[in-house]
Amino acid sequence: MPRLAGKTAIVTGGARGIGKHYSQALAAEGARVMIADIADGRALAEDIAGRHGANSVASVTFDISDENAVKALVEETIKRFGQIDVLVNNAALYSVLKPRPFNEWDPELWDRVMAINVRGSYLMVRHVAPHMMARRSGKIINIGSGTPYKGVPHMLPYVVSKGAILAFTRALSRELGDYGIAVNSLSPGFILSETGLENKGHVEEERIPVRNSRAFKRDAYPEDLLGALVFLASSDSDFVTGQSLVVDGGSVNN
């Protein structure tokens, strides 16, 4: 039996890039998936529906930094599927960011990164968690990054935002533990996804050094993250909370 049969998952940023792979993997394990993204997820939803059935998926276009949009997304998910069991806080501003020295980040761009990467994750939890608390179960998976562990230069607001996600996960797990809700982070290393490859400057600067820093000397792809994602979403991780699972081929260990 699929490990997520009967479960409903929201994947923010789930229409493209690594998020698309998250949406597909959860659906393949039996979850009903709400794809929530600022990009249009209808084509992906149609593909998933063709593979797993019309009631396996829906999509909503929204801005995660807009609280009214978040509330509408959560209400639509409950209306469509009746429950929310898994939240994957994946939406983040990354691929359009150009590496630069610390003092060249405009405050307006800094604030936008924080609004999407940190505030957005909080808004999702603020409106999803009450539904999980009422049922006394749920899995919240905050997508972090290996960058805060290593202090990656020239991407300061992104690295800071992902460091905040690690702290967010640890503190939130203490508040939601009494309700049986697991809160964990999945922290990828440098992943060659279609959206990541759009940021050519960052790819050129990081790809070879990161590969050389790994215990496994190869590039990483979205497929490398999916086993960890399903583990954190399923009953296999029912006694795991407040943790960050780093999936980077051993780079952080070096």
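Now for a description of the structure that goes with this document. (Residues numbered from 1 in each chain as written. Predicted model: local features only at pLDDT ≥ 70, side-chain atom pairs only at ≥ 80, totals over all residues. Heavy atoms only, no water.)

Within the secondary structure layout, Gly120 lies in helix H4 (residues 107–135). Each C-alpha atom, one on Gly120 and one on Asn90, is 9.8 Å from the other, the two residues being 30 residues apart in sequence. Sequence-distant contacts of Gly120, that is, excluding residues within four places in its chain, are made with Ile64 and Ala115. (Helix = DSSP H or I, 4+ residues; strand = E, 2+ residues; numbered from the N terminus. Contact = heavy atoms within 4.5 Å.)

So, about the sheet that holds strand S4 (residues 86–89). What the 7 strands build is an open sheet, ordered S3-S2-S1-S4-S5-S6-S7; its pairing is parallel. Both edges of this open sheet fall to strand S3 (57–61) and strand S7 (244–247), since each of them pairs with a single strand only. Here the average twist between neighbouring strands, direction ignored, is 15°. Direction of pairing for strand S1 (residues 8–12) relative to S4: parallel, over a ladder of 3 bridges. (Pairing = 2+ DSSP bridges. Axes fitted to C-alpha atoms, helices over the stretch in contact; angles between N-to-C directions.)

Among the secondary structure elements, His127 is positioned in helix H4. Not counting residues up to four positions away in its chain, the partners in contact with His127 are Glu67, Val70, Lys71 and Val74.

On to the layout of surface pockets. When its volume is computed, the second largest pocket comes out at roughly 360 Å³. Lining of the second largest pocket is provided by 19 residues; of these, Gly138, Lys139, Gly180, Ala182 and Asp238 occupy positions nearest its centre. Those elements giving two or more residues to the lining of the second largest pocket turn out to be strand S5 (138–143) and strand S6 (181–188). For the lining of the second largest pocket, the residue count by class is 6 nonpolar, 7 polar and 6 charged. (1 Å grid on protein atoms, 1.4 Å probe; cavity = no way out; pocket = protein on both sides within 12 Å on 5 of 7 lines; lining within 4 Å. Points joined across faces, edges and corners; volume = space filled by probe spheres on them. Nonpolar A, V, L, I, M, F, W, Y, C, P; charged D, E, K, R; others polar.)

The next point concerns the side chain of Ser121. As for its placement among the helices and strands, Ser121 is situated in helix H4. Accessibility expressed as a relative area gives 2% for Ser121, which makes it buried. Among the polar contacts made by the side chain of Ser121, one reaches the main-chain carbonyl oxygen of Asn117 at a distance of 3.3 Å. Not counting residues up to four positions away in its chain, the partners in contact with Ser121 are Ile64, Asn89, Ile116, Ile165 and Phe168. (Buried < 20%, exposed > 50% of the residue type's maximum accessible area, 1.4 Å probe, protein only. Polar contact = N/O pair within 3.5 Å; in protein donor to acceptor, adjacent residues only side chain to side chain.)

Right, let's get into the packing of aromatic side chains. Inspection of the entire model under this criterion finds 1 aromatic pair. Look at Tyr94 and Tyr158: their rings are 4.8 Å apart centre to centre, the planes differ by 45°, and that puts the pair in the tilted class. Here Tyr94, found in the loop between S4 and H4, pairs with Tyr158, found in helix H6 (residues 156–176); they are 64 residues apart in sequence, far enough to count as distant. For the cation-ring pair, Arg100 lies above Trp105, with the distance from its terminal atom to the ring centre recorded as 4.2 Å. (Phe/Tyr/Trp six-rings, centres within 6.5 Å; stacked < 30°, edge-to-face > 60°. Lys NZ or Arg CZ within 6 Å of the ring centre and 35° of its normal.)

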